[in-house]
Each structure stands twice: as structure tokens, then as C-alpha cells.
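Structural characterization, general
Chain by chain, the residues:
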Amino acid sequence: MLDDLSPAVRARLAEIGQRRQFRDQELIHSAGDPAYMAIVIEGAVRLCRLRANGTQTMVTMVLKGQNIGDLQLFSRRKVKTHDAFAVGDTVLDIYDERAFQRVLEIPEVMIALYRTVALRLMGTMEMNDDLRSLPREVHLAKTLMAMHRRAKDPSSLFCLQEDLAGVLGVTTMTVSKCLANLKQLGFVETGYRRVRVIDPHGLRGWLNGQLNR
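If you're wondering where the values come from, they're calculated on a predicted model, not measured in any experiment. (Residues numbered from 1 in each chain as written. Predicted model: local features only at pLDDT ≥ 70, side-chain atom pairs only at ≥ 80, totals over all residues. Heavy atoms only, no water.)

1. Things to note about the overall build of the protein
Spelled out, the test is: Helix numbering and strand numbering both begin at the N terminus, where a helix is a DSSP run of H or I of at least 4 residues and a strand a DSSP run of E of at least 2. As defined in this context, the radius of gyration uses C-alpha atoms, and a globule is described by 2.2 Å times the residue total to the power 0.38. Each residue is assigned to one of three classes by its accessible area relative to the maximum for its type, calculated with a 1.4 Å probe on protein chains only: buried under 20%, partly exposed between the two thresholds, exposed over 50%. It only takes one pair of heavy atoms within 4.5 Å for two residues to be counted as in contact. Here, Shrake-Rupley sampling with a 1.4 Å probe gives the accessible areas, and only protein chains in the shown set may cover a residue. His is not counted, nor are the chain ends; Lys and Arg add positive charge and Asp and Glu add negative charge. Each charge is placed at NZ for Lys, CZ for Arg, CG for Asp and CD for Glu.
Secondary structure summary: the protein contains 7 helices and 9 strands in total. For the protein, the C-alpha radius of gyration of 18 Å lies close to 17 Å, the compact-globule estimate for 213 residues. Dimensions of the protein along its principal axes, counting C-alpha atoms only, are 50 × 40 × 30 Å. A burial count over the protein gives 42% of its 213 residues as buried. Counted over contacts in the protein with a minimum sequence separation of 6, partners at least 24 positions apart contribute 70%. Surface exposure of the protein reaches about 12200 Å², of which carbon and sulfur atoms provide 53%. Of the side-chain charges in the protein, 30 are positive and 24 negative, and the distance between the mean point of each set is 3 Å.

2. Regarding the pattern of salt bridges
The condition that has to hold: Each reported salt bridge corresponds to a side-chain nitrogen of Lys or Arg within 4 Å of a carboxyl oxygen of Asp or Glu.
All chains considered together, the criterion is met by 8 salt bridges. E126 is the salt-bridge partner of K142, the closest N and O atoms lying 2.7 Å from each other. Note that K142 is positioned in helix α4 (residues 136–150) and E126 in helix α3 (residues 107–133), a separation of 16 residues in sequence. Given the relative accessible area of 21%, K142 is considered partly exposed. The class for E126 is partly exposed, based on a relative accessible area of 42%.

3. Some points on the environment of M127
With respect to the helices and strands, M127 occurs in helix α3. Excluding its chain neighbours within four sequence positions, the residues that come into contact with M127 are H139 and V167.

4. Digging into the confidence of the model for the protein
The condition is simple: Residue-level confidence of the predictor is summarised by pLDDT, bounded by 0 at the bottom and 100 at the top.
Chain-level statistics for the protein give a pLDDT mean of 88 and a share of 95% at 70 or above. Of all the helices and strands in the protein, strand β7 (residues 157–158) carries the lowest mean pLDDT, 60, while strand β1 (residues 18–22) carries the highest, 97.

5. Here we look at the environment of R49
Mapped onto the secondary structure, R49 falls in strand β3 (residues 37–50). Overall, R49 belongs to the partly exposed group, its relative accessible area being 43%. Spatially, the C-alpha atoms of R49 and D130 are 21 Å apart, while their sequence positions differ by 81 residues. Setting aside chain neighbours within four positions, we find R49 in contact with T55, Q56, T57, V59, T81 and H82.

Encoded structure:
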């Protein structure tokens, strides 16, 4: 979102919002908390959903410059739908319902929010299509490439296999098997809490070949 805004509007948003800092893995909010919009200024936010067995499943990662929570402010209940945790030292500009109404009075922000929602909808439709049509290994490779492009440090992607399983809608065992195959092909390495894409050009070429079949 921030990439679509002029410096003057960014400064205006900073004046309206409340800046807060969070430590790595600190809980930012829980599902059911009052809704608010936030913009990630530094770090990242990991959105998770609590399963019936008590485990947390990652739904998505919100990166620097991106916004979260705006749609919940338009909902009837106006509450958070996921738990949120800081990834690294994280800084957020937070807008409660009253501040959000002030934000909506800025035309440039309205256009940026509309574009962001449209891109998210397109991404969701693409992911649903991938879930139905792509082999799991190919879907995982496509997800890793997207994460690699967006990562602040592309050399390492900080995520658990459980997180990848939650994003892809498969079991951890399936993710482990697919990662092992990609490792054997020389595209990735795995370590504690991280996956490293060691040959992005090779992975991209292999992925394109699979998608064009």
C-alpha cells in the first residue's frame, strides 16, 4: 500500500496513526479483539488461526509497507479474525475505527486501498485455482518463489514447515516430502525455522517448465 502513496500522504498517515513496537514473536492481537487497520513500517506480521487441536496454523505473512485489518472495520462484528505475531522487531502504525474514518477522507489512500483489495482478491482466486489444478510440489515451489521475491532477505525465508502446510492447505508430511524433492534437485536448503532458496534461477526455470506442461 505505501508504495502507491506520495511522501506527503505517507506523512499524513503517520500523523493520524498510533505507532507501536513489538518484539520478535510477540503477540500483536488475538482473534476476537476489536478491529483496527495497521500498516507495517518495519518487520513483518504473521497471521495465524487456532486449530481445534490447539496448534497454530499460519494463514499469511504481512510484509513491510503492507496493510492489514481494513476489511474487518467494514464487517458487522468489527473484530479480528486471526491471531497476529511479530516476525523480527516490528513497527506498526495502528488506526482504530475513528482514525480509519479520517484515513478514508484522503482520496489517494482510498485509491490505494481499492487497488490493494483488488490485488488480494486476484491472488486468492489464483491460489484457489492452484489448489485445484497444480501438483503439491509445484504449488509449494510457486509459493516459495513468491515469498523469495517479497522477502527483505531473499537468502532466507523464516517459516516453519507447519506454516507452509497451513498456507498450502496440506499436511506437514506432504510439505516435508515436497521440500525433500526440491532439495534433491538442488533448488532449496532447509534449516531451523527457515528455508533457503539457493538456486532461484533454476527453481524458476523448473517451475515454468512444470506450469507449461
